[in-house]
Amino acid sequence: MGQAHTERGFTLVEVLVALAIIAVAMSAAVRVAGGMTQSNGLLRDRAIALLAAQNRLAELRLEGQLKAGVKTLDCDQGRLLLRCDQTLIAMAGGTLMRVNVRVSERERQGPPLARLETILGRPWVKPQ
C-alpha cells in the first residue's frame, strides 16, 4: 500500500546556503582583483619615477659643473607630475661628488617613489 517517494533534488535551504557561499567567494575575488590593479598602478608609477631619477643623473653628468648643495625641480614624466630632490655632497677633497636623487609625486605627501644614489667623479678638479 505505501509507496516510497524517492524524489531527488535540493531543498530551498541548501540552495540558499550554496548561493551565500558563492557570493562570499565572489566578493573576495573582486577585492583581490581591485588590490592587484592598484598595486600594478603603483609599480608602474615607481618604474616611471626611477626613469626620472636616471634622467636627472644623466643631466648632471652632462652639465659637468657640479656644485654641492640641495636642489628641487620638476621632473614630470608624461601624465605623472613628479618632483626631483637632489643632494650633492663633495667627497675626497672635492674630486668626487655623492649624488642622491629622490623622486616624489608633486601633489602628494608621502614616501618617495624612487631613490637613486651614486658617486660622480669631477675630472676638472686635479687631485692634490
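Summarised in this report is the structure supplied together with it. (Residues numbered from 1 in each chain as written. Predicted model: local features only at pLDDT ≥ 70, side-chain atom pairs only at ≥ 80, totals over all residues. Heavy atoms only, no water.)

## Section: the pairing of strand β3 (residues 96-105)
Test applied: We call two strands paired when DSSP finds no fewer than two bridges between them. Segments assigned H or I by DSSP are reported as helices when at least four residues long, segments assigned E as strands when at least two residues long, and all are numbered from the N terminus.
Across 10 bridges, strand β2 (residues 82-91) lies against β3 in antiparallel orientation. From the neighbouring strand, Leu88 faces β3, where its bridge partner is Val99. Linkage of β2 to β3, two consecutive antiparallel strands, is achieved through a turn of 4 residues, within which Ala92 is found at a positive phi near 50 degrees. Relative to strand β4 (residues 114-121), β3 runs antiparallel, the two sharing 8 bridges. Residue pairing across strands places Leu96 opposite Gly121, the latter belonging to β4.

## Some words on the sheet that holds β4
Pairing between the strands of a sheet comes from backbone hydrogen bonds, and it takes one of two forms, parallel or antiparallel. What counts here: Each axis is a line fitted through C-alpha atoms, taken for helices only over the stretch in contact, and angles between the N-to-C directions span 0 to 180 degrees. Only heavy atoms matter for contacts: two residues are in contact if any of them lie within 4.5 Å across the pair.
One open sheet accounts for 4 strands, arranged β1-β2-β3-β4; its pairing is antiparallel. Across the chains shown, the open sheet's two edge strands, defined by having one partner strand only, are β1 (69-74) and β4. Direction aside, the axes of adjacent strands within the sheet are offset by 20 degrees on average. Where β1 meets β2, 6 bridges bridge the pair, whose relative direction is antiparallel. Following the sheet pairing, Leu73 is matched in β2 by Cys84. Contacting β1, β2, β3 and β4, helix α1 (residues 12-63) crosses the sheet at an angle of about 20 degrees to β4.

## Notes on the nonpolar core
As a reminder, the rule being used: Side-chain atoms within 4.5 Å link the members of a nonpolar core, which is a set of buried Ala, Val, Leu, Ile, Met, Phe, Trp, Tyr and Cys residues. Type-normalised accessible area, obtained with a 1.4 Å probe on protein chains alone, sets the label of each residue: buried when under 20%, exposed when over 50%, and partly exposed for intermediate values.
Counting residues in each nonpolar core, the largest one holds 20 residues, and the members touching the most others are Leu60, Leu82, Val99 and Val103. At the level of elements, α1, β2, β3 and β4 are the ones that each hand at least two residues to this core. Broken down by element, this core gets its largest block of residues, 5 residues, from α1. Apart from residues lying up to four places away in sequence, Leu60 is in contact with Leu66, Gln86, Leu88, Val99 and Leu120.

## As for the side chain of Asp45
On the secondary structure map, Asp45 appears in helix α1. A relative accessible area of 12% means that Asp45 is categorised as buried. Leaving out residues up to four positions away in the same chain, Asp45 has contacts with Arg79, Leu80 and Leu113.

## Concerning the pattern of salt bridges
A side chain with one charge may pair with a side chain of the opposite charge, provided their charged atoms come close. Filter applied, for reference: For salt bridges, the criterion is a side-chain nitrogen of Lys or Arg within 4 Å of an Asp or Glu carboxyl oxygen.
Scanning all chains against the criterion turns up 9 salt bridges. Across the pair Asp45 and Arg44 runs a salt bridge, and its minimum N-O distance is 3.7 Å. We note a salt bridge from Arg83 to Asp85, for which the minimum N-O separation is 3.5 Å. Assessed through its relative accessible area of 21%, Arg83 is described here as partly exposed. Bridged by salt links that share partners, the residues Arg44, Asp45 and Arg79 form one connected network.

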